[in-house]
Amino acid sequence: QVARYSHASLGHAENGNRQLEEGTRCIFATLAKAGKTCGASDPLTPWAIRHAAWLRHRYAVHSNGRTSYQFIKGRDYQGELVEFGECVWAKDPSPATKKAKLETRWYKRCFLGKTESSDEAILAGFEGGPAWKARGLRRLPEGERFNLALLDAVRCLPWTAEGRLAVATSMGKQTVSYTHLRA
């Protein structure tokens, strides 16, 4: 018999950790093809771990033949998805862009994952500032999808001092307010 609270008695949790580690390594392998290597202190690492968990929730099929997402929502996940770290064009969702007709509305950003509650994309930009959220994404041509300079410029982390996911509300340079999302 296995002792309570021992490593061996926590099989399901340890299996979940192993699968999360495998998913994170797969994400890192994709980034390595683009020339980006990530270590434990790289700002992309917590985003990759978060995204691996997000993917597992929606796509890992359990012994009952269903994913966790199917079990909770009663349907398959139908959202659109791009690869982690992929460079995309993202439309600024802020109301200010609707008023300024001649201002830029699309920004080149790095895809870091999706939000749980609204299924919006979480993105980082060249400036090294906070992460943004957006619904409108456009993929770049195949040869331009991974930009090493953009990946190296990511400095934001998926949490704030309060422990919540911090995402700016506007992609413009004047961004100062933050919206806290459920992680």
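The structure under discussion appears in the preceding block.
Residues numbered from 1 in each chain as written. Predicted model: local features only at pLDDT ≥ 70, side-chain atom pairs only at ≥ 80, totals over all residues. Heavy atoms only, no water.

Asker: Can you lay out the pairing of strand 3 (residues 121-124) for me, pointing to particular residues and giving the numbers?
Answerer: Along strand 3, one buried face is formed by Ala121 and Leu123 and the opposite face, lined by Ile122 and Ala124, is buried too. Pairing of strand 2 (residues 106-114) with strand 3, which is carried by four bridges, proceeds in the antiparallel orientation. Along strand 3, the bridge assignment pairs Cys110 with Ala124. Where strand 2 hands over to strand 3, the hairpin turn is made up of six residues, of which Asp119 adopts a positive phi near 60 degrees. (Buried < 20%, exposed > 50% of the residue type's maximum accessible area, 1.4 Å probe, protein only. Helix = DSSP H or I, 4+ residues; strand = E, 2+ residues; numbered from the N terminus. Pairing = 2+ DSSP bridges.)

Asker: Give me the lowdown on the nonpolar core, citing residues and values where you can.
Answerer: Residues Leu44, Trp47, Phe84, Leu112 and Cys156 are the most contacted members of the largest nonpolar core, which totals 18 residues. Counting only elements with at least two residues in this core, the list comes to helix 1 (11-33), helix 2 (44-59), strand 2, strand 3 and helix 5 (148-153). In terms of residue count, the dominant contributor to this core is helix 2 (four residues). Apart from residues lying up to four places away in sequence, Phe84 is in contact with Ile27, Leu31, Leu44, Trp47, Ala48, His51, Phe111, Leu112 and Phe146. Val82, Ala90, Ala121 and Ala134 belong to the second largest nonpolar core, which has seven residues in total. (Core = buried A, V, L, I, M, F, W, Y, C linked by side-chain atoms within 4.5 Å. Contact = heavy atoms within 4.5 Å.)

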